[in-house]
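Read off the chains here:
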Number of protein chains: 2
Amino acid sequence: MRESYLRELLKVDGQEIRLTEKQANILAAAIEIFAEKGYAGTATSEIAKRAGVAEGTIFRHYPAKKDLLLAIVKPGVLKLAVPVFADNMVENIFNREFQGFDELLRTFIYNRLDFARQNVAILRIVLQEFAFHPEIKMIIEEAFLEKVYPRIKQTVTGFQEAGLLKEMPITTTVRCIVSPILGFIVTRFLLNPDAEWDEAQEVEHLIDFILKGMEA
Amino acid sequence: MRESYLRELLKVDGQEIRLTEKQANILAAAIEIFAEKGYAGTATSEIAKRAGVAEGTIFRHYPAKKDLLLAIVKPGVLKLAVPVFADNMVENIFNREFQGFDELLRTFIYNRLDFARQNVAILRIVLQEFAFHPEIKMIIEEAFLEKVYPRIKQTVTGFQEAGLLKEMPITTTVRCIVSPILGFIVTRFLLNPDAEWDEAQEVEHLIDFILKGMEA
DNA sequence: ATAATAAGTGAGTAATCACTCACTAATGGA
DNA sequence: TCCATTAGTGAGTGATTACTCACTTATTAT
């Protein structure tokens, strides 16, 4: 895990974050081990060891173990929940003449697929830990409710009004679209990452499935 | 949590299991707390306390903490993976004249939905812990590969040959069918259990979505 | 160059961990 | 009734836990 990756990950609101080498090592080690053994199953002593750092150094930068977890998860969730989607895609769709729903889906899926590929460990941590830490749950809810959901709702409603999507409760619609995508990402990177995957084919099947399933 | 529930859960291969009251309390407490805090975050002392039992009593029945986990998870996974589906449904479908795929889906979904409703805690434990415990992963893989997958494959292939389902790699097909269902169950019982759910409507939307998405 | 601040250290601490063991209480078959 | 087996106990164990603190080293601003 390289420092540039961490700097990019931790950059929120455009704020640059400066990391010493040891700080970067701590974060990298924590991400690795949290993903491997889970937060509660990870000893700070082990993080220190793998980071090549004294245990005290960890607590110099993070007052408590949980702060270290949040320092990893918080930007992870934000980057996960605020995809290119929110910033570019919807604008493109609605400000220009919009392309088809399939093109939108394709862009979205590949975008999140690549994010998952580059952040498997953090994805794993978020999925494993949000159930036990209300702080994480809140971060996710905020990010989702404020950034993702309204955009998706706007987009989906637009397509529904254009008669391209079936009328359903918006939550149901979103769930029907998201579940197969998430199902594929989780299978691809967490459950069976070593299988031989024809990603392009899978994505096309996925798009076809969702599209036909949602047709008016 | 009542003893009859536990006896039913632990009954595998028809073998009756006799539990003293304290043993049942231990299992019930362990299920509760494991689901709340996760395995690694749970102290055996706390299980003993909530079960109203000396800590030594736990280790009289389970040599190690992990054995207690497995005693809960193992039958849980089996009951989860070997639904009425495996025993009755497929037989019904193939031995009689078969109904439509929608009827099959409906039966399957309601069946698993009810199972989830009655086993939320165990569902949560399995989902949370399988990533960290190879033993659990193996139990799941065995149960799935031996009992569930062949049945599903047989069924799906049958419908494909009848021209009712699109031709796709079998794994893709299964994933497309299972993801939305699992997505619903997880949302319904784990993510947002307190919302007002119109289950019947959701299930019908789900069936419609899957059916149309899979149409040849 | 110097002083001020930040980064890093590692031995030490109280608390908690999973687990043991010598023991008593309850149960069931003869 | 007696005995053998099983169930249950709780104080005690060494290991490990997250975290502290007095200290040294490195960095930065002036």
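Located above this text is the structure these notes cover.
Here the residue numbers are simple positions, counted from 1 along each chain's written sequence. As a convention, the first chain written is A and the first ligand written is 1, with the rest following in written order. Only residues with pLDDT of 70 or above have their local features reported here, since the model is predicted, and side-chain atom pairs are shown and tallied only from 80 upward, although totals for entire chains, interfaces and linings are computed over all residues. Side-chain figures throughout are based on the complete set of non-hydrogen atoms in the structure, without hydrogens or water.

Caption draft 1: Up close: the protein's contact with DNA strand D. In the vicinity of DNA strand D there are 18 residues, among which T44(A), K65(A), K22(B), T57(B) and H61(B) approach most closely. Of all DNA strand D atoms lying within 4 Å of any protein atom, the proportion belonging to sugar or phosphate reaches 59%. Between a phosphate oxygen of DNA strand D and a main-chain N or O atom of K65(A), the distance comes to 2.6 Å. Between T57(B) and DNA strand D, the recorded distance is 2.7 Å, taken from a side-chain N or O atom to a phosphate oxygen. Under the scheme used here, helices are H or I runs from DSSP no shorter than 4 residues and strands are E runs no shorter than 2 residues, and both carry numbers assigned from the N terminus. Contributions of two or more residues to the surface near DNA strand D are made by helix 3 (44–51) and helix 4 (55–61) of chain A together with helix 2 (21–37) and helix 4 (55–61) of chain B. At four residues, helix 4 of chain B tops the list of elements feeding residues into the surface near DNA strand D. Amino acid classes used here: Ala, Val, Leu, Ile, Met, Phe, Trp, Tyr, Cys and Pro are nonpolar; Asp, Glu, Lys and Arg are charged; the rest, including Gly, are polar. Here the surface near DNA strand D is composed, by residue class, of five nonpolar, eight polar and five charged. The cutoff for a nearby residue is simple: one of its non-hydrogen atoms must lie within 4 Å of the molecule or strand. In protein, a polar contact requires one atom able to donate a hydrogen and another able to accept it; more generally it is a pair of N or O atoms within 3.5 Å, and residues adjacent in sequence count only if both atoms are side-chain atoms.

Caption draft 2: Geometry of the protein's contact with DNA strand C. Taken together, 18 residues sit near DNA strand C, with K22(A), T57(A), H61(A), T44(B) and K65(B) positioned nearest. Of everything in DNA strand C that lies within 4 Å of the protein, sugar and phosphate atoms constitute 59%. One of the backbone N or O atoms of A54(A) is found 3.1 Å from a phosphate oxygen in DNA strand C. Between a phosphate oxygen of DNA strand C and a main-chain N or O atom of T44(B), the distance comes to 2.8 Å.

Caption draft 3: Helix 3 of chain A, seen in detail. Residue and element names in this part refer to chain A. Taken together, the buried positions of helix 3 are occupied by T44, I47, A48 and A51. Viewed along the axis of helix 3, the buried residues span an arc of 100 degrees, placing them on a single side of the element. Contacts made by the buried residues of helix 3 are with helix 2 (21–37), helix 4 and helix 5 (65–81). Directly after helix 3, the chain includes G52, whose backbone phi takes a positive value near 65 degrees. Burial classes follow relative accessibility: with a 1.4 Å probe on protein chains only, a residue under 20% of its type's maximum area counts as buried, one over 50% as exposed, and anything between as partly exposed. The directions considered for the arc run from the helix axis to the C-beta atoms. Any pair of residues with heavy atoms lying within 4.5 Å of one another is described as a contacting pair.

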